[in-house]
Amino acid sequence: MMTLASRCHKPFLRVAVLLLLIFPVTACQTDQSGSHTGSAGKLQIQGSTMGTSYHITICTSPSNLVDSDLLKQEVDQLLENINAQMSTYIETSELSRFNQSQSDQWFEVSPSVLKVVEAGLNLSKASTGAFDMTVGPLVNLWHFGPDPGKRTLPESSQIEAARKNVGYQHIELQHVSPALKKLIPKVYLDLSAIAKGYAVDRVTSYLDSKSIENYLVEIGGEMRAKGTNQSQVPWKVGIEKPISETRKIQKVVPLSNLSMATSGNYRNFFEVNGKTYSHTIDPRTGYPVDHSLASVTVVGETCMNCDALATCLMVLGPDEGYNWAKEREIAAYFIVKEENGFTERYSPRWQKLLGEENES
């Protein structure tokens, strides 16, 4: 999952720092439209969206064949509509127009935008600001935004100035005639850490409406699985080992009727005078996090919540995050960097859902 503190020059969301690899990988043929044909009863579709890519794998019976071309067209249209609502890179999107506005009056938005913003604000309140969709000015100040090539440290006075325009409490919403309102003119909303998960949920709702019972949907590393794979066992998804030098799998997780999202900070960072500065910015302090949590994965019902929670726990860190997840019965898997490697830690809810045991 992409954290609130990583950006790239893409038309929507930031490219995933931590990629969740899908298993098993099977050979198939791809046509020019992005539809895939493989062995009988298996359909794979892929495309581009939100500055990243999406992949859908469907296992069907011969009596329940799916029109792959029509499905791809409708999924692409659905994702295009979400992009037109929530992109910060499309100047005419609902979110961009809200961000450009300097008014303190109610700004009409679609029910979809309101739903995503409300979920983010609720998590911000629950985490006392560890998750904050208005953190963009601080991200840019630390050069993890549009000018990632710069590697200089901001002055404390600059950080304090940027913090004046950061804070979830500066956004209000209303349900009757869905709308958002700014309490300060320069506050800026960025849904990067939650909208990909929402898009996964919307795609899976569409597949459910087509009575498709076995599928795996992934957008930029966030995913939801339903039913079983072609071997009639839970889908196998891999969590990447949190190392920057190469890509290896740390853990393979069986996933069925659940969503999963991961956040990590081990690929996007810079060093100044021997000190490493993570791209994960703590909105509560204005500074990059300084703890040993390398990545965190969350499993739950909706991918939107998993997406946002993974970012939140990444900010909270290995101890505060673990205790916070434990208290709220969140299924979370933590990979913590130690002097001699990594240790794994599972919340009680994760252990209950997936049967993992904490390392001694």
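For every chain, the first residue of the written sequence is number 1, and numbering continues from 1 onward in sequence order. Selection of residues for local features in this predicted model requires a pLDDT of at least 70, selection of side-chain atom pairs for listing and counting requires 80 or more, and totals for whole chains, interfaces and linings are taken over all residues. Processing note: side-chain calculations cover all non-hydrogen atoms of the structure and skip hydrogens and water entirely.

Notes on the overall build of the protein
For step 1, the next point in the chain: Numbered from the N terminus, helices here are DSSP runs of H or I no shorter than four residues, and strands are runs of E no shorter than two. A tally of regular secondary structure across the protein gives 9 helices and 18 strands.
For step 2, the next point in the chain: For every residue, the accessible area obtained with a 1.4 Å probe (protein chains only) is divided by the maximum for its type, and the residue is called buried under 20%, exposed over 50%, and partly exposed between those limits. By residue count, 55% of the 360 residues in the protein fall in the buried class.
For step 3, the next point in the chain: Taking contacts inside the protein between residues at least 6 apart in sequence as the whole, the part at least 24 apart equals 63%. Contacts are assigned to residue pairs that have any heavy atoms within 4.5 Å of one another.

Quick notes on the pairing of strand E18 (residues 341-346)
For step 1, the next point in the chain: Where strand E17 (residues 331-338) lies against E18, 6 bridges are found, and the strand directions are antiparallel. Bridged to Glu338 within E18 is Gly341. For two strands to be treated as a pair, DSSP must find at least two bridges joining them.

A short note on the packing of aromatic side chains
For step 1, the next point in the chain: Pairing of aromatic side chains here covers Phe, Tyr and the six-membered ring of Trp, requires ring centres within 6.5 Å, and sorts the geometry by plane angle: under 30 degrees stacked, over 60 edge-to-face, intermediate tilted. Applying the stated criterion across every chain, the model contains 5 aromatic pairs.
For step 2, the next point in the chain: Three or more aromatic residues joined by ring pairs form one cluster here, namely Tyr333, Tyr346 and Trp350.
For step 3, the next point in the chain: Positioned above the aromatic ring of Tyr322, the side-chain terminus of Arg345 is 3.6 Å from the ring centre. The criterion for a charge sitting over a ring is simple: Lys NZ or Arg CZ within 6 Å of the ring centre, and within 35 degrees of the ring normal.

Concerning the sheet that holds strand E6 (residues 107-108)
For step 1, the next point in the chain: An order of E6-E8-E7 is seen for the 3 strands of this open sheet, with the pairing classed as antiparallel. Every interior strand has two partners, whereas the edge strands, E6 and strand E7 (171-174), have only one.
For step 2, the next point in the chain: This element, helix H3 (residues 111-126), spans E7 and strand E8 (179-182) of the sheet and lies at about 130° to E7. The axes used here are C-alpha line fits, helices contributing only the stretch in contact, and every angle between their N-to-C directions lies in the interval 0 to 180 degrees.

Regarding the pattern of salt bridges
For step 1, the next point in the chain: Each reported salt bridge corresponds to a side-chain nitrogen of Lys or Arg within 4 Å of a carboxyl oxygen of Asp or Glu. Scanning the model with the defined rule gives 11 salt bridges in all.
For step 2, the next point in the chain: Between Glu172 and Lys181 there is a salt bridge, with the nearest N and O atoms lying 3.9 Å from each other.
For step 3, the next point in the chain: With relative accessibility at 33%, the residue Glu172 sits in the partly exposed group.
For step 4, the next point in the chain: Two residues, Asp319 and Arg345, come together in a salt bridge whose shortest N-O distance is 3.7 Å. A residue pair is termed long-range when its members are at least 10 positions apart, and Asp319 in helix H8 (residues 318-327) and Arg345 in strand E18 qualify at 26 residues.
For step 5, the next point in the chain: On the accessibility criterion, Asp319 (51% relative accessible area) is exposed.

Focus: the environment of Pro185
For step 1, the next point in the chain: As for its position among the elements, Pro185 is in the loop between E8 and helix H6 (195-209).
For step 2, the next point in the chain: For Pro185, a relative accessible area of 42% corresponds to the partly exposed category.
For step 3, the next point in the chain: Pro185 sits 15 residues away from His170 along the chain, and the two C-alpha atoms are 9.2 Å apart.
For step 4, the next point in the chain: Beyond its immediate stretch of four places on either side in the chain, Pro185 contacts Ser101 and Gln102.

Here's the deal with unusual backbone geometry
For step 1, the next point in the chain: A positive phi angle is found at Met50, which is not glycine, with a value near 55°.
For step 2, the next point in the chain: Considering the arrangement of structural elements, one finds Met50 in the loop between strand E4 (42-49) and strand E5 (52-59).
For step 3, the next point in the chain: Note on Met50: relative accessible area 2%, which makes it buried.
For step 4, the next point in the chain: In the Ramachandran plot, Ser177 falls in the positive-phi region, its phi being about 50° despite a non-glycine side chain.
For step 5, the next point in the chain: Structurally, Ser177 is set in the loop between E7 and E8.
For step 6, the next point in the chain: For Ser177, a relative accessible area of 53% gives the class exposed.

Focus on helix H7 (residues 303-316)
For step 1, the next point in the chain: Expected helix span is computed as 1.5 Å times (number of residues minus one). Spanning 14 residues, H7 covers 20 Å between terminal C-alpha atoms, matching the ideal 20 Å at 1.5 Å per step.
For step 2, the next point in the chain: Across the 14 residues that make up H7, a large majority, 13, are buried.
For step 3, the next point in the chain: At the C-terminal side of H7, Gly317 shows a positive phi close to 95°.

Observations concerning the packing of H3 against H7
For step 1, the next point in the chain: Running from N to C, H3 and H7 cross one another at 35°; their axes reach a closest spacing of 11 Å. Here H3 and H7 pass one another in a crossing that is right-handed. Residues Lys115, Val116, Ala119 and Leu123 of H3 lie in contact with H7, whose contacting residues are Met304, Ala308, Leu309 and Cys312.
For step 2, the next point in the chain: Think of it as three bins: nonpolar holds Ala, Val, Leu, Ile, Met, Phe, Trp, Tyr, Cys and Pro, charged holds Asp, Glu, Lys and Arg, and polar takes everything else, Gly as well. Tallied by class, residues from the contact of H3 with H7 come to 7 nonpolar, no polar and 1 charged. Working rule for handedness: look at the near helix, and if it is turned counterclockwise from the far one by less than a right angle, call the crossing left-handed; if clockwise, right-handed.

Notes on the confidence of the model for the protein
The predicted coordinates ought not to be read in detail in places where the model reports low pLDDT.
For step 1, the next point in the chain: The score called pLDDT rates the predictor's confidence residue by residue, from a low of 0 to a high of 100. On average, the protein scores 84 in pLDDT, and the residues at 70 or more come to 81%.
For step 2, the next point in the chain: Note that residues 1-33 has pLDDT below 50 and, in this model, 137 contacts with residues that lie over four places away or in other chains.

Some details on the side chain of Glu344
For step 1, the next point in the chain: Here Glu344 lies in strand E18.
For step 2, the next point in the chain: For this count, His and the chain ends are skipped, Lys and Arg are scored as positive, and Asp and Glu as negative. Buried charge Glu344 goes without a salt bridge, the closest partner of opposite sign being Lys251 at 4.0 Å.
For step 3, the next point in the chain: Only 2.8 Å separates the side chain of Glu344 from the side chain of Tyr333, close enough to count as a polar contact.
For step 4, the next point in the chain: Pairing of N or O atoms within 3.5 Å defines a polar contact, subject to two protein rules: one partner must be a possible hydrogen donor and the other a possible acceptor, and residues neighboring in sequence count only if both atoms are side-chain atoms. Side-chain polar atoms of Glu344 contact the side chain of Tyr346, separated by 2.7 Å.

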